[in-house]
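As a plain string of letters, each chain reads:
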Amino acid sequence: MKGHVPNNDPTVTAMTMDLLGKVLSRADDPRKLGEYLTEEIRELTGARCVIFTQSLETHGTKSHRVVAVNPIRRLEWAESDAIHQLYAEIHQLPTSQIWRMPATSQTAKRLQKEGFELSLTVPLMIGENRVGLMLALGLPDAEHLDAVTNLLNTLSTVTALVLRNAFFSENQNQIIETRTSELRLANNALRANDAHIRTLLEKSERAQQALLSLLEDQKAMVTALRESEERLRRAVINSPFPVMIHTEDGQVLMISDAWSEISGYTHAEIPTTADWTEKAYGQRKQVVQADIDRLYGLTKREREGEYAIHTKEGILRIWDFMSAPLGKLSDNRRMVISMAMDVTERRAAESEIHRLNAELEQRVVDRTAKLEASNKELEAFSYSISHDLRSPLRAINGFAHILRKDCSAILNDEGQRHLEVICSESKRMGQLVDDLLAFSRMNREPLHTIEINLTALTQSVFNECLSHAPGRQVQLKLLPLPTAHADPPMIRQALVNLISNAIKYTRPKALAEIEVGARQETDETVFYVKDNGVGFDPKYTDKLFGVFQRLHSENEFEGTGVGLALVQRIIHRHGGRIWAESNVDEGATFFFTIPTTKNHS
Amino acid sequence: MNTSTEVEILLIEDNPRDAELTQRALKAGNPAHSLIWVKDGAEALDFLFGPGHPANAKLHQRPKVILMDLKLPKIGGIELLRRIKSDPAAKLIPVVVLTSSREKSDIATCYELGVNSYIVKPVDFDHFSHAIGQLGLYWLSVNQPPEPKRISAA
């Protein structure tokens, strides 16, 4: 219902009542109330713009809030600084005011400037307090101005109350909201703080973990160190040798159990090297201490040698010491490890060996003396044989000869034959004795070797042997022989025996042939004496060189069975070998070797 | 210049059988010779240097040859030889060792002491007779002895 509000019109009163009822029904929402009122008032009054503001006072400063504007397009304008200035000026006025032209006041000029020639402003009062303003700007005419003023005044009291309550409630809400938001902020802050603290805590936890693991590591390291130290300690303590670790100021840091066990002194008894030298070396302690002091200057391990120590029980033991520098302690004291080997038993065994050796040597000397004595006896025996045995033989042989010669007339043929047997057998025995003596001499006499021309020697021996075989036809084929390093009388004897054998055993041959030759081997010369005689059965070869071994009867070939044994002995003494090859009636070849290494001169 | 009373051969031999065989062999080779046979070294020295044969005794007898065994009682052959060959006068007398020993040491020692001959007596009597016969002939007839330095008082 658009139109002008009539003054004192019952309709107006009814309208006012209707408005009041509607205002009250909107008391809980000031904005909706504001929108309704401004719209209703604008329609009732025909004002171009109706504004409804609330006055606020915070910390003593007054300000104005636009609660509602109609038409709504004027909201921005209503919030402008110039209009806010207008609110502040109108707020000063204690009563409702009609603004009309011509403008005389600042406020009227401001309103005029904004295009409003007739306006009505009403303060919203509760007692003496102005809680807000009601502005009806640009009224159409002044005809119903009083009625409008009354209407607005009537409305203003109720509206002020509603506004205050509504804004109070709104404020309360606002306050609660603010508090809540403050609380929320605080809460958020707290929460953020909490997160921060949590982060910090986490960090601190991690740090703690790291610290703990570091501690664990440290602990492990300490344990490892302790274990390693323990191992070292045990290595020293349980060492099978006496071991001492000592410092240059004489402190004994550690000794092995072996040290204590052998010496009898515990670590407590020898806390310093001086205590040790005093106990173990007695009067020689200064000499030994000087030796120990010298050790601290060592740069590498050194063998000190053997020391005789006195054990606690007073027994002398021999310790063979070695020492090595161990570097410095944290207090800069130089440290040395000394290790000993107890060589007492070894030395005892050695001296026992020396003693036994000496005893053995003495025994050898004694035995040699005995052997020499028995050799002397043997020589005396041989001498005795050569004299005492041969003398009677010579007498037997001699007197048998004399008997045969002087008494031949009174002896019959049988007697003559018996004498013949006596003569030949005594002669043979003489030969046997001679050969045995020669053989025994060959074993006893020392070897004197020189370089010998064997070709010339062989020829000479052959001539001599042939002279003892009268009537024999023997041809010697003597091939050039190398020289030999040999004992001249001995090698001559060997050749004599071999060649005389060859002559003897070729006796059945009309023309005996003997060949002597040689061939050079790597380290020896092989000589041979070959004949075309009766030879021998090869199955008896091993008997050839035995003493008194014979392969022929005395009737076939005379001999004592010593000759070849003697040759073998001579060759063996020269370091050579001897062997023979033969078959019955196919001649025999005797080989012997002489080493070519010149070991004598 | 030798007279028949002069002793030509001094035989020193302890074994009577050997002595007999030796004398027989000498006779066979040299029928006319004068021979003295003594049985040990002491007797031999008594004969040569007089009874007791003191150390500074002069040579009493000067046989043409001395035949001696080595193995002799009392004073042995080697010692006897040394004594003879160390005397300025006696050492001029030829000494022949007649022995059974073929020991090298014996042979060497005898020659070192100045023996004039060393003969190993053969067991076989034929060889023995031959050797001794030759020996007598050689030393009594073939060999030329030196002039004695001084004539002993008759």
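The coordinates are above.
Residues numbered from 1 in each chain as written. Chains lettered and ligands numbered in written order. Predicted model: local features only at pLDDT ≥ 70, side-chain atom pairs only at ≥ 80, totals over all residues. Heavy atoms only, no water.

Student: Mind laying out the packing of aromatic side chains, listing which residues take part and the relevant values?
Tutor: Tallying each qualifying case throughout the model produces 18 aromatic pairs over all chains. With a centroid separation of 5.9 Å and an interplanar angle of 25 degrees, the aromatic rings of Trp276(A) and Trp319(A) are classed as stacked. Placement of Trp276(A) in helix α8 (residues 273-281) and of Trp319(A) in strand β9 (residues 316-328) is noted, with a sequence separation of 43 residues between them. A single burial state applies to Trp276(A) and to Trp319(A), both of which are buried. An aromatic cluster is built from Trp259(A), Tyr265(A), Trp276(A), Tyr281(A), Tyr307(A), Trp319(A) and Phe321(A), whose rings are joined through pairwise contacts. Here the guanidinium or amino end of Arg83(B) rests over the ring plane of Phe49(B), the centre of that ring lying 5.2 Å away. (Phe/Tyr/Trp six-rings, centres within 6.5 Å; stacked < 30°, edge-to-face > 60°. Helix = DSSP H or I, 4+ residues; strand = E, 2+ residues; numbered from the N terminus. Buried < 20%, exposed > 50% of the residue type's maximum accessible area, 1.4 Å probe, protein only. Lys NZ or Arg CZ within 6 Å of the ring centre and 35° of its normal.)

Student: So what's going on with the pattern of salt bridges? Residues and values would help.
Tutor: Residues and elements named next belong to chain A. Enumeration over the complete set of coordinates arrives at 33 salt bridges over all chains. As a salt-bridge pair, aspartate 249 and arginine 333 come within 3.0 Å of each other at their nearest N and O atoms. Residue aspartate 249 is located in the loop between β6 (243-247) and β7 (252-255), and its partner arginine 333 is located in the loop between β9 and β10 (334-342); the two are separated by 84 residues in the primary sequence. Residue aspartate 249 is classed as exposed on the basis of its relative accessible area of 51%. With a relative accessible area of 19%, arginine 333 lands in the buried category. Residues arginine 519 and glutamate 521 are paired through a salt bridge, measuring 3.0 Å at the closest nitrogen-oxygen approach. Residue classification places arginine 519 among the partly exposed positions, given a relative accessible area of 42%. (Salt bridge = Lys/Arg side-chain N within 4 Å of Asp/Glu carboxyl O.)

Student: Talk me through the packing of helix α12 (residues 454-467) of chain A against helix α13 (residues 488-505) of chain A; I want residue IDs and the actual numbers.
Tutor: Residues and elements named next belong to chain A. Where α12 meets α13, the axes come as close as 9 Å, and the angle between the chain directions of the two elements is 50 degrees. Judged on the interaxial angle alone, α13 and α12 are oblique. Between α12 and α13 the crossing geometry is right-handed. Seen from α12, the contacting residues are Leu454, Leu457, Thr458, Ser460, Val461, Phe462, Glu464, Cys465 and Leu466; seen from α13, they are Ile491, Arg492, Leu495, Val496, Ile499, Ser500 and Ile503. Of the residues belonging to the contact of α12 with α13, the class tally is 11 nonpolar, three polar and two charged. (Axes fitted to C-alpha atoms, helices over the stretch in contact; angles between N-to-C directions. Parallel < 35°, antiparallel > 145°, perpendicular 65-115°, else oblique. Left-handed = near helix turned anticlockwise from the far one by under 90°. Contact = heavy atoms within 4.5 Å. Nonpolar A, V, L, I, M, F, W, Y, C, P; charged D, E, K, R; others polar.)

Student: Break down a nonpolar patch on the surface for me, with residues and values.
Tutor: On the surface, Leu211(A), Leu212(A), Leu214(A) and Leu215(A) cluster together to form a nonpolar patch covering roughly 390 Å² of accessible area. Mapped onto the elements of the fold, Leu212(A) is located in helix α6 (residues 145-237). (Patch = residues over 30% accessible without salt bridge, like charges linked within 9 Å, V, L, I, M, F, W, Y side chains within 5 Å. Areas by Shrake-Rupley, 256 points an atom, 1.4 Å probe, with all protein chains shown as cover.)

Student: A description of the packing of α8(A) against helix α9 (residues 285-295) of chain A should follow, citing residues and the corresponding values.
Tutor: A pair of packed helices is characterised by two quantities: the angle between their axes and the separation of those axes. Residues and elements named next belong to chain A. With their axes 9 Å apart at the nearest point, α8 and α9 run at an angle of 140 degrees to one another. When the axis of α8 is compared with that of α9, the two are oblique. In terms of crossing hand, the pair formed by α8 and α9 is right-handed. In this structure, α8 contributes Thr273, Ala274, Thr277, Glu278 and Tyr281 to the contact, and α9 contributes Lys285, Val288, Gln289 and Ile292.

Student: Just give me the short version of the environment of Asn532(A), but keep the residues and values in it.
Tutor: Residues and elements named next belong to chain A. Looking at the element boundaries, asparagine 532 is found in the loop between β15 (524-531) and α14 (563-573). For asparagine 532, a relative accessible area of 21% corresponds to the partly exposed category. Measuring from C-alpha to C-alpha, the distance between asparagine 532 and arginine 507 comes to 9.8 Å, with 25 residues separating the pair along the chain. Residue contacts for asparagine 532: discarding those within four places in its chain leaves Thr506, Lys509, Leu511, Ala512, Glu513 and Gly587. Here leucine 511 takes part through its backbone oxygen, which lies 3.2 Å from a polar atom of the side chain of asparagine 532. (Polar contact = N/O pair within 3.5 Å; in protein donor to acceptor, adjacent residues only side chain to side chain.)

Student: Lay out the interface of chain B and chain A with the relevant residues and their values.
Tutor: In this assembly, 25 residues from chain B lie in contact with 24 residues from chain A. Across the chain B-chain A interface, the total number found is two salt bridges. Put simply, Asp406(A) and Arg24(B) hold a salt bridge, and the shortest N to O gap is 2.7 Å. Where chain B touches chain A, the interface holds eight residue pairs in polar contact (both at pLDDT 80 or more). Top contributing element to the side of chain B that touches chain A by residue count: helix α1 (residues 16-29) of chain B, with five residues. When grouped by side-chain class, the residues that make up the side of chain B that touches chain A number seven nonpolar, five polar and 13 charged.

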